[in-house]
Amino acid sequence: PPETHATARARTRSGPAPVTDVAKLCICDLLVAQCDVNCCCDPDCSAADFSLFTTCSVPIVTGDSRLCTQKAAIYSLDVEANPPERIFKLIDQVNPSVFCIHAANYKQALSFSSPELPTSENFDQLLEQFGSATFSAEPDSWNMNTDAQNPSDANETYRYEYAVPIQTVDAFLRLPSPVVSSWCSDANPAGFLVNQATKCTRSVSVEKCGNIQAVSMLFYINSGILAVNITVQSVVVQSLNGMRTLLNGSDVLRLPMILDELCVNIVLGVSYHITYTDAGEIIEAAASFVLGAINKEALSVQQSFEISFTQVNTKPVPLSGNPGYVVGLPIRAGFRPQGYPFPVEILFAPNTNKYGQLTILQSTSNQDCLAAQGPRTPILFGYNVVAGCKLRITAAMKCQPLTQTLLDLLKGQSFPEYVASFGNSQAQDVLDWVPITHLRTSEQRIYNTFQSSCQIPVSLEIEVKWTKYGSLVNPQARIVNVTATTTTTVLKQLPPGRERTIPITSSVVFTDISSPAEPGYKAWPTINAKLPFDFFFPFV
Amino acid sequence: LSSVPLQILFYVNGIYYIFYFLATLAMIVYKGEVFSYPDDFLAPDLALLFIMAILEVLRLYLGSKGNLTEEEAPLGLSLVITVGSVILSVYFLVWQTYVLKADVIINAVLLFTYGLESVLKVVAIAAFVS
């Protein structure tokens, strides 16, 4: 219809015309319909307002000063008069320079041009002219990179580089982690070879038990990594009071369900173990779950996630340093198997909690030795530890079983025989392992001639002597000597009915026995200037 | 007899025009640096300046030759070319992209010279014809 055409044409004009009349231009007039202080050009000010001003903040308003003649509005305050009044003069200012612009036939030269207002007609042309990739209409244009990555991927296994997100069927493998607050965000991708461990809070409630996806096992297994299914390695069930039990059969998928007003089988922790080849392909993925239960009052649960990577055909023995020990990492220790007079290959057990690690007894809150027989803490390099407990001896206790109990308490179930001298010592290198020396001392200074009296061990001190090895600027810690000293004391026979409490202590001390470093310098360069062999040929 | 004032005027005009050409060229360069001078406006100005220079050389040569050989034909041709030069000078005075005060001054002087020359040429042609 013709009306819309006319209005459309009218709308293609640019914005409002700029103000160029110097008498009307006032840059200090900021308040609308109100008088600005010390603004002599403000039209909202009355004569009474002018009488209160002290100066004029804008004394002159001129046009373009490059023109030969231009209009100028001059504002000033006449302070002599009573009351002070504003003087406004409109004059023609002359530019004395011979290069002033007398006339300009190029209209846009002397003022800023108003930009074109976009309408429905010129929008596409303006977008093409001024819009770049940021304003392009198709967001697919910046996905070109990922397309280039997956062209021939369909049948081959995908090769990963360090920290590249692990691709799954729909997007990437997610490891929920806290973002700004401690609430879980599902957008944290798991990077290849990046070992991560995160803890975050998820809001749950018993009513929405089956509906929350993020607490169900299915959510974490479902997104299969490209070409590899995630298998369930183990499932540990944690009860409401914190006790954990390992389930035997781990094939059954346990989904959250309501049982006796509790919501059971909600995921409290997932631990992914990814096996990869040295070409960067993922060949196996396993997940271990910790399932728990919540009751009606619970509004949130804390979930913990971790992911670790193992290269195929290798055993995951964590190193304690490379090559020197790193302070805070556990000391690697092990045994030599029986029946080998000459160890060709010494089998050392990896640093699992079960066997072979150098441990120290853990102090408990009630300091009762017999209750401290359970967990032991591993000895970390560089950390001197003292632990102890109190032993209550009654008359009924016999010497030999008591000695054995105390030895077990002090040394632990399987006290190792050898300690690795470097943090990365391999089991095959015999010379890299230091044997533990055992010493026995007695507490009593006077050597008791009565051998038959009972000697019970009361303290074990492990002294680890280490030295700095290697270059001056990057010294590596190397364990040179480990001595375990057991101190015994005489157990006097108690009269029946009486009991005694003796303290038992265990300590680990790390001593630095490195000799002061001697810098070694290269030999001074010598000038090798010798005459050739046959210089005096005819005469020699 | 050849008109001596006309010849003097030709000589002075030649020297003045060299100055005018260099000054106008320099001012166009100055305007291009200081003001916003897009290429669509710069090109016609420069082209007309060079055309004016060629016309001027032709005009002065023909006028001088006609005056000295006392022939009216070259002098008449020179008068016709003067009309073209006057139009170009008026362009540089009024229709140029930027007209500076200096432009006004030198173009006014040039136009005055042209006017004086035209009068003297007409007188000389009248003298040669008769």
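Quick caveat: nothing in here was measured; it's all calculated off a predicted structure. (Residues numbered from 1 in each chain as written. Chains lettered and ligands numbered in written order. Predicted model: local features only at pLDDT ≥ 70, side-chain atom pairs only at ≥ 80, totals over all residues. Heavy atoms only, no water.)

Looking at this structure, how should I read the environment of G224 of chain A?
Residues and elements named next belong to chain A. Relative to the elements of secondary structure, G224 occurs in the loop between α5 (217-222) and β8 (230-238). Once the C-alpha coordinates of G224 and T168 are considered, the two residues, 56 residues apart in sequence, prove to be 5.7 Å apart. Those residues in contact with G224 that sit more than four places away from it in its chain are T168 and V169. (Helix = DSSP H or I, 4+ residues; strand = E, 2+ residues; numbered from the N terminus. Contact = heavy atoms within 4.5 Å.)

Help me understand the interface of chain A and chain B in this model?
Think of interface size as the accessible area that goes away when the parts come together; that is how it is often given. Opposite the 15 residues of chain A that make contact, chain B presents 18 residues. Here chain A meets chain B over a buried area of about 1,300 Å², counting both sides, of which 64% is carbon and sulfur. Its largest share of buried area at the contact with chain B, chain A owes to F99, N105 and Y106 of chain A, together 44% of the area lost on that side. Connecting chain A to chain B are nine residue pairs in polar contact (both at pLDDT 80 or more). Partitioning the side of chain A that touches chain B into residue classes produces 10 nonpolar, four polar and one charged. (Buried area = accessible area lost by both parts, 1.4 Å probe. Polar contact = N/O pair within 3.5 Å; in protein donor to acceptor, adjacent residues only side chain to side chain. Nonpolar A, V, L, I, M, F, W, Y, C, P; charged D, E, K, R; others polar.)

Would you take a moment to explain helix α2 (residues 39-68) of chain B for this structure?
Given 3.6 residues per helical turn, the α-helix brings residues three or four places apart onto the same face. Residue and element names in this part refer to chain B. With 30 residues, α2 should reach 44 Å at 1.5 Å per residue; the first-to-last C-alpha distance of 44 Å fits that figure. All buried positions along α2 are accounted for by D45, L49, M52, A53, E56, R59, L60, L62, G63, S64, G66 and N67. The elements touched by buried residues of α2 are α1 (4-34), α3 (72-95) and α4 (101-129). Within two residues after α2, E70 carries a phi angle of roughly 55°, on the positive side. (Expected span 1.5 Å × (residues − 1). Buried < 20%, exposed > 50% of the residue type's maximum accessible area, 1.4 Å probe, protein only.)

Got a minute to help me understand the environment of D49 of chain A in this structure?
Residues and elements named next belong to chain A. Mapped onto the elements, D49 comes out in helix α2 (residues 47-50). Once the C-alpha coordinates of D49 and D36 are considered, the two residues, 13 residues apart in sequence, prove to be 9.2 Å apart. With near-sequence residues (within four places) excluded, D49 lies in contact with C35 and D44. At a separation of 3.0 Å, a polar atom in the side chain of D49 contacts the main-chain amide nitrogen of S46.

Would you mind going over the packing of α1 of chain B against α4 of chain B with me for this structure?
Relative orientation and spacing of two packed helices are given, respectively, by the angle between their axes and the distance between those axes. Residues and elements named next belong to chain B. α4 packs onto α1 with a crossing angle of 155° between their chain directions and a minimal axis gap of 10 Å. The orientation of α1 with respect to α4, classified from their angle, is roughly antiparallel. Classified by chirality, the crossing of α4 by α1 is left-handed. Looking at the contact of α1 with α4 residue by residue, the classes come out as 18 nonpolar, four polar and four charged. (Axes fitted to C-alpha atoms, helices over the stretch in contact; angles between N-to-C directions. Parallel < 35°, antiparallel > 145°, perpendicular 65-115°, else oblique. Left-handed = near helix turned anticlockwise from the far one by under 90°.)

Looking at this model, I keep getting lost on the confidence of the model for chain B. Mind explaining?
In regions of low pLDDT, the predicted coordinates are not meant to be interpreted in detail. On average, chain B scores 93 in pLDDT, and the residues at 70 or more come to 100%. Across the predicted assembly, pTM comes out at 0.41 and ipTM at 0.84. (pLDDT = per-residue confidence, 0-100.)

Before we go on, may I ask you to explain the environment of A23 of chain B in this structure?
Residues and elements named next belong to chain B. With respect to the secondary-structure elements, A23 resides in helix α1. For A23, a relative accessible area of 18% gives the class buried. Separated by 83 residues in the primary sequence, A23 and I106 place their C-alpha atoms 8.8 Å from one another.

I would appreciate a short explanation of the packing of aromatic side chains in the present structure.
Note on aromatic pairs: each is described by the distance of the centres and the angle between the planes. Residues and elements named next belong to chain A. Counted under the stated rule, the structure contains 21 aromatic pairs over all chains. Seen in terms of ring centroids, Y75 and F88 are 5.2 Å apart; in terms of plane orientation they differ by 25°. Their pairing is stacked. Linking Y75 in strand β2 (residues 69-78) with F88 in strand β3 (residues 85-94), this pair joins segments that are 13 residues apart in sequence. Lying across the ring of F415, K411 places its NZ or CZ 5.5 Å from the centre. One Lys or Arg, R478, reaches over the ring of Y469 and ends 4.9 Å from the middle of that ring. (Phe/Tyr/Trp six-rings, centres within 6.5 Å; stacked < 30°, edge-to-face > 60°. Lys NZ or Arg CZ within 6 Å of the ring centre and 35° of its normal.)

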